[in-house]
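# Commentary on secondary and tertiary structure
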Number of protein chains: 2
Amino acid sequence: MPAPQRVTAASLAAAARTIAESSGIDAVTISAVAAVVGVRPPSLYKHVGHRHDVLRLIADDAARELGDDVTALVGTSSDPRIVLAGIAHAVRAFSARSPRAAGLLFSAPSPEAGPTSEGMAPLIGSLLDAVRRTAPGDPLPAARTLTAWVYGFCTMEQAGAFQLGGDVDEAFEFGLNTLVDALTRVGLPGRASIAARSTESGSEYPQ
Amino acid sequence: MPAPQRVTAASLAAAARTIAESSGIDAVTISAVAAVVGVRPPSLYKHVGHRHDVLRLIADDAARELGDDVTALVGTSSDPRIVLAGIAHAVRAFSARSPRAAGLLFSAPSPEAGPTSEGMAPLIGSLLDAVRRTAPGDPLPAARTLTAWVYGFCTMEQAGAFQLGGDVDEAFEFGLNTLVDALTRVGLPGRASIAARSTESGSEYPQ
DNA sequence: ACCTGAACACCGTTCAAGT
DNA sequence: ACCTGAACACCGTTCAAGT
């Protein structure tokens, strides 16, 4: 009779994520995770090939969880701009409650530690969906603009980068309103003017 | 006669940054840095207290370099919007040429590995300056919005997060124009409407 | 099939000893 | 004043051996 399975992918992910949130990504060692799931370090290599696979389990778990949150919001209001705002708030809430997992989600220390593209698919799909209903034209640049801002804001906030005082909540609302508002205006006069002028003045990447 | 100084802060920073860019942050070990500066590992502890101080040297060096780039751009054009666009391009160019140092700049793995606030001061000062000349009202939320977007975009780009195809350069220009344009419109009708409506509908952080 | 102890090559860090 | 070898407690990872 073979030994009963003591370690599952789900228990591994849960253990790793708990350690990550309470003690940081560096504390997610093979030894620490093994101890939490009640097994000796070498046994983990029956389930993962390398330590970064453990981090990837966290990232994919986070992608699934946030993907669920975001998907649940799509179609929640008849005004797509409210949906978009709700999504941004959901991302920020997730980042506040699971900052380490959130960090792994968009900027893992190495590509191998980041989420699978299959893991990210539902999240990205729902996001593109919401953007498509809000902004005219190609949703991809618009979605990238919104995603980059939300991700950047939350990461900087969690990293403690906003040191100059002021109300950080207010800055989030300001940025959100500015962006959502601008994205619905695409195509109106005034846009694309800077690109044209700065291209005139020389190279594309001034430094 | 005491032994001549073989290690300076500048040589340490340069060695660490070279290793970081060529082999990743994880490769910036005390041993590796010591080998590059031509000394045994324990000797480094005469100059830094911990490994994260070495990472901080990289972060502060990056802050200084990007700060110089950005400061040189302020006042470069009579149109402040062009200055802002130039700054965004400078950040992206820096992130492309020094992705690991750039990562340390805004989202270090731990606060101790991040830049000093003194190191960040010139960069942040110039950025606020440029925003103040462009956007009406409080420059802080506007600067945070722009910074979060640029940082998020560059980090995601370097992490290979833009996997859905499309032109990433175009997405950058799109986001930049959208944001700079929106920031100069602050106060016009249409803004702040979402916040008001989404506050109506319940909690501030829906999830 | 899964788990284990022992072993290997590496870390970061400390410290007494050298010049 | 700076550098060093030796040492410590830790990693990640491999592998032959157990059940």
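Please read these numbers as outputs of a predicted model, since none were measured by experiment.

Moving on to the UniProt feature "DNA-binding region" (unreviewed entry) in chain A. UniProt feature "DNA-binding region" (unreviewed entry): in the numbering of this structure it lies at residues 29–48 of chain A. What you have in residues 29–48 of chain A is 40% helix and 0% strand, and the ends, taken at the C-alpha atoms, are 13 Å apart.

Right, let's get into the side chain of Thr 155 of chain B. Take Thr 155 of chain B: it is sitting in helix α7 (residues 139–158). Beyond its immediate chain neighbours, meaning those up to four positions away, Thr 155 of chain B contacts Ser 107 and Tyr 151 of chain A.

Residues and elements named next belong to chain B. Close contact between α7 and helix α8 (residues 168–184) brings their axes to 11 Å; oriented N to C, the two are set at 175 degrees. Looking at the two axes, α7 sits roughly antiparallel to α8. Touching Ala 142, Thr 145, Leu 146, Trp 149, Phe 153 and Glu 157 of α7 are Val 168, Ala 171, Phe 172, Gly 175, Leu 176, Leu 179 and Leu 183, all from α8.

Turning our eyes to something else, we now look at helix α5 (residues 99–107) of chain B. Within the sequence span of α5 of chain B, burial applies to Ala 101, Ala 102, Leu 104, Leu 105, Phe 106 and Ser 107 of chain B. As for α5 of chain B, its buried residues are in contact with α7 (139–158) of chain A together with α1 (9–23), α3 (51–73), α4 (80–97), α6 (117–134) and α7 of chain B.

Attention now moves to the side chain of Ser 126 of chain A. Residue and element names in this part refer to chain A. Of note, Ser 126 is situated in helix α6 (residues 117–134). Looking at Ser 126, the relative accessible area reads 9%, which means it is buried. Setting aside residues up to four positions removed in sequence, Ser 126 forms contacts with Val 70, Thr 71 and Val 74.

What follows covers the packing of aromatic side chains. Residue and element names in this part refer to chain A. A complete count under the given rule lists nine aromatic pairs over all chains for this structure. When the centroid spacing of 5.1 Å and the interplanar angle of 65 degrees are considered together, the rings of Phe 153 and Phe 172 count as edge-to-face. Of this pair, Phe 153 sits in helix α7 while Phe 172 is found in helix α8 (residues 168–185), placing the two residues 19 residues apart along the sequence. An identical accessibility class is assigned to Phe 153 and Phe 172; each is buried. Above the plane of the ring of Phe 172 lies Arg 92, whose end atom (NZ or CZ) is 4.7 Å from the centre.

Our focus in this paragraph is the packing of helix α4 (residues 80–97) of chain A against α7 of chain A. All names here are of chain A. At a minimum axis separation of 10 Å, α4 and α7 run at an interaxial angle of 30 degrees. What the angle tells us is that α4 and α7 run roughly parallel. The way α4 lies across α7 gives a crossing that is right-handed. Along the contact surface, α4 presents Leu 84, Ala 88, Val 91, Arg 92, Ser 95 and Ala 96, while α7 presents Leu 146, Trp 149, Val 150, Phe 153, Cys 154, Glu 157 and Gln 158. Within the contact of α4 with α7, the residues separate by chemical class into nine nonpolar, two polar and two charged.

Residues and elements named next belong to chain A. Assignment of secondary structure puts Ile 30 in helix α2 (residues 30–37). On the accessibility criterion, Ile 30 (10% relative accessible area) is buried. Separated by 155 residues in sequence, Ile 30 and Arg 185 place their C-alpha atoms 50 Å apart. Residues within four places of Ile 30 in sequence aside, it is in contact with Pro 41, Leu 44, Tyr 45, Arg 51 and Val 54.

Glancing now at the pattern of salt bridges. Following the criterion strictly, the structure yields 21 salt bridges over all chains and no others. Residues Arg 81 of chain A and Asp 181 of chain A are paired through a salt bridge, measuring 2.9 Å at the closest nitrogen-oxygen approach. Taken together, the positions of Arg 81 of chain A in helix α4 and Asp 181 of chain A in helix α8 put the pair 100 residues apart, joining distant regions of the chain. For Asp 181 of chain A, a relative accessible area of 8% puts it in the buried group. For the salt bridge of Glu 157 of chain B with Arg 92 of chain B, the shortest nitrogen-to-oxygen distance reads 2.8 Å. Taken as a pair, Glu 157 of chain B in helix α7 and Arg 92 of chain B in helix α4 lie far apart in primary sequence, 65 residues in all. One network of salt bridges, in which partners are shared, links Arg 17, Asp 61, Arg 64, Glu 65, Asp 68, Asp 69 and Arg 97 of chain A.

Calculation criteria
Residues numbered from 1 in each chain as written. Chains lettered and ligands numbered in written order. Predicted model: local features only at pLDDT ≥ 70, side-chain atom pairs only at ≥ 80, totals over all residues. Heavy atoms only, no water. UniProt positions renumbered as here; feature names shortened; annotations may be inferred. Helix = DSSP H or I, 4+ residues; strand = E, 2+ residues; numbered from the N terminus. Contact = heavy atoms within 4.5 Å. Axes fitted to C-alpha atoms, helices over the stretch in contact; angles between N-to-C directions. Parallel < 35°, antiparallel > 145°, perpendicular 65-115°, else oblique. Buried < 20%, exposed > 50% of the residue type's maximum accessible area, 1.4 Å probe, protein only. Phe/Tyr/Trp six-rings, centres within 6.5 Å; stacked < 30°, edge-to-face > 60°. Lys NZ or Arg CZ within 6 Å of the ring centre and 35° of its normal. Left-handed = near helix turned anticlockwise from the far one by under 90°. Nonpolar A, V, L, I, M, F, W, Y, C, P; charged D, E, K, R; others polar. Salt bridge = Lys/Arg side-chain N within 4 Å of Asp/Glu carboxyl O.

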